[in-house]
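Each chain, written out:
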Amino acid sequence: MENVLRPLTVVGGAVVFTLVVGYLADVTLRRADARHHETPLWGLLRRCRLPLQVVLLTALLRGSYRQTKWSVIEDRETGIGQALSLVLIGASAWLVVRIAAAIVESSYARYASSTRDTARVRRVRTQVTLIMRIVTAVVGVVAVAAMLLTFPDFRTIGTSMLASAGIIGIVAGVAAQSTLGNLFAGFQIAFGDMVRIGDTVVVDGEWGVVEEVTLTFLAVRTWDERRITMPVSYFTSKPFENWSRGGAQMTGTVFFHLDHSAPVGLMREKLKDVLADCPAWDGRDWSLAVTDTTPSTIQVRAVVTAKDADDIWTVRCVVREQLIAWLCEKHPYALPRIATSPASLPPDGQWPERGRSIPRQPRPAEVHSNNADGYVLDGDGPAKDAPRTGRG
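Basis of the calculations
Residues numbered from 1 in each chain as written. Predicted model: local features only at pLDDT ≥ 70, side-chain atom pairs only at ≥ 80, totals over all residues. Heavy atoms only, no water. UniProt positions renumbered as here; feature names shortened; annotations may be inferred. Helix = DSSP H or I, 4+ residues; strand = E, 2+ residues; numbered from the N terminus. Buried < 20%, exposed > 50% of the residue type's maximum accessible area, 1.4 Å probe, protein only. Contact = heavy atoms within 4.5 Å. Areas by Shrake-Rupley, 256 points an atom, 1.4 Å probe, with all protein chains shown as cover. Pairing = 2+ DSSP bridges. Axes fitted to C-alpha atoms, helices over the stretch in contact; angles between N-to-C directions. Patch = residues over 30% accessible without salt bridge, like charges linked within 9 Å, V, L, I, M, F, W, Y side chains within 5 Å. Salt bridge = Lys/Arg side-chain N within 4 Å of Asp/Glu carboxyl O. Expected span 1.5 Å × (residues − 1). Arc of directions from axis to C-beta.

Labelled according to an unreviewed UniProt entry, the protein appears under the name Mechanosensitive ion channel domain-containing protein, originating from Streptomyces lavendulocolor. In its Subcellular location (unreviewed entry) section, the UniProt record describing the protein reads: "Membrane".

Undergrad: Please explain the overall build of the protein as it appears in this structure.
TA: Per the secondary structure count, the protein includes twelve helices and eight strands. Residues classed as buried in the protein amount to 30% of the 392 residues present. Taking as baseline every contact in the protein between residues at least 6 positions apart, the subset at least 24 positions apart corresponds to 61%. Counting every atom, the protein has about 25,400 Å² of accessible surface; 59% of that belongs to carbon and sulfur.

Undergrad: Teacher, can you tell me more about the UniProt feature "transmembrane region" (unreviewed entry) in the protein here?
TA: Under the UniProt annotation, "transmembrane region" (unreviewed entry) lies at residues 6-27, 85-109, 130-151 and 157-176. Helix makes up 100% of residues 85-109 and strand 0%, and the two end C-alpha atoms of the span are 36 Å apart. Secondary structure within residues 130-151 divides into 91% helix and 0% strand; the distance between the first and last C-alpha atoms comes to 33 Å.

Undergrad: Could you clarify how one ought to interpret the sheet that holds strand β6 (residues 250-258) in this entry?
TA: Within a sheet, neighbouring strands are paired by backbone hydrogen bonds and run either parallel or antiparallel to one another. In spatial order, the strands read β6-β8-β7; together these three strands make up an open sheet with antiparallel pairing. What marks the edges here is a single partner per strand, and that holds for β6 and β7 (281-293). The average undirected angle you get between the axes of adjacent strands in this sheet is 20°. Across eight bridges, β7 lies against strand β8 (residues 298-306) in antiparallel orientation. Of the residues in β8, the one forming a bridge with Asp-292 is Gln-299.

Undergrad: Could you clarify how one ought to interpret a nonpolar patch on the surface in this entry?
TA: A grouping of Val-16, Val-20, Tyr-23 and Leu-24 is seen on the molecular surface, where their side chains present a nonpolar patch of about 390 Å² in accessible area. Along the chain, the position of Tyr-23 falls in helix α1 (residues 2-35).

Undergrad: Sorry if this is basic, but what is going on with the sheet that holds strand β2 (residues 206-213) here?
TA: With antiparallel pairing, the five strands of this open sheet are ordered in space as β4-β3-β2-β1-β5. Sheet topology places β4 (227-231) and β5 (241-242) at the edges, where each strand pairs with a single neighbour. One ladder, built from four bridges, connects strand β1 (residues 200-203) with β2; its direction is antiparallel. Residue Val-203 lies in a different strand from β2, and its bridge partner there is Glu-206.

Undergrad: How do you make sense of the pattern of salt bridges when you look at a structure like this?
TA: In a structure, side chains of opposite charge can pair up when their charged atoms sit close to one another. Applying the stated criterion across every chain, the model contains 13 salt bridges. Its salt-bridge partner being Glu-211, residue Arg-221 comes within 3.5 Å of it at the nearest N-O pair. Of the two residues, Arg-221 is situated in strand β3 (residues 217-222) and Glu-211 in strand β2; the sequence distance between them amounts to ten residues. Its relative accessible area of 27% is what places Arg-221 among the partly exposed residues. What makes Glu-211 partly exposed here is its relative accessible area of 35%. With its nearest N and O atoms 2.6 Å apart, the salt bridge here joins Arg-284 to Asp-282. For Arg-284, a relative accessible area of 40% translates into the label partly exposed. Among the ionic contacts, a cluster of salt bridges with common partners joins Asp-26, Arg-30, Arg-46 and Arg-49.

Undergrad: Looking at this model, I keep getting lost on helix α3 (residues 49-64). Mind explaining?
TA: Turn by turn, an α-helix covers 3.6 residues, leaving residues three or four places apart pointing in a common direction. Given a rise of 1.5 Å per residue, 16 residues ought to cover 22 Å, and the 23 Å separating the end C-alpha atoms of α3 matches this to within 8%. Where α3 is concerned, the buried positions are Pro-51, Gln-53, Val-55, Thr-58, Leu-61 and Ser-64.

Undergrad: Please clarify how helix α11 (residues 264-276) should be interpreted in this entry.
TA: When the terminal C-alpha atoms of α11 are compared, their 19 Å separation across 13 residues agrees well with the 18 Å that a helix rising 1.5 Å per residue should span. Within the span of α11, buried status applies to Val-264, Met-267, Leu-271, Val-274 and Leu-275. For α11, the angular spread of buried residues about the axis comes to 90°, placing them on one side. Residues of α11 that are exposed and angled more than 90 degrees away from the buried face: Glu-269, Lys-272 and Ala-276. At its buried positions, α11 is contacted by β6, β7, β8 and α12 (309-330).

Right, dumping it as structure tokens:
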């Protein structure tokens, strides 16, 4: 009878104690969360209940499983102890990661709620994401190393591994040069404020928003919902456009190629009306001017502003669409066209006569060229007093 009650008492007592501690911890955190609404830390710590219970249960069983005096356990005492140690190390790493995540997320939430600068919030968010990835990686590596050290064979070869660590480190450094470069580039991006989650960037001609930043790669979501994954070392070694750097406000341009008779003044008034009815326009600035001309058209540029990249695209499309529609309806003559009328004839007497010799060479005073000394004065030889000339 004792052989049955002893294992049940040990295992059952460990389970009951674990459940009671987990319940009390959850109740305490729930009350603390209700009292302190300004911070989400206590609510986030409630997610640590499960790993906490696993750690407690494994630790209790690891310390008391020999007290069961059960023949099945005594025969496999070493294996059971090894398995419980591995579970305890893994559960402890899980609990540490959960606690670190709760603290980091709570700090970010408090900072985001008290800061109105969206650029700083995105910067902190990028740093927090990378910090959590670093913490998770470090805890995972330490946990795996601790698990390996529980095996006697690994303890035996540990001395030889340490002796050859210098050579192995050099070989690993050369082999993982690209990986280490991306790793350090990730630190530089996180704390150098080069690019942040939520920034609008143009990379290799692709416009998109930074969606994810890790220690090795960066994901950009394009306007058509594609994802461009690039190594973070790209952003530290090559130039790229960051439209969110220094503020999200943007200025955009819309170009029109019109006929010379286009009513620029009326277009300016119409642009003002279009922008007044466009919710995406932020009201900061606008203008319309003729910026270039060709023999057949003029180039009219409209300048508009918006609060971010998405709105500037909307404003440009609205201005382009409504002004073209207005010109087609009210001023169709202003649209560019190809002239097909016959060429005008020159005045009488200006056509060159047939058989007439080629006109004489020009005098040096009539030209502006570096070759003036080579011209002939009515067949009298080269010019003696040719004027100083230069590049015109």
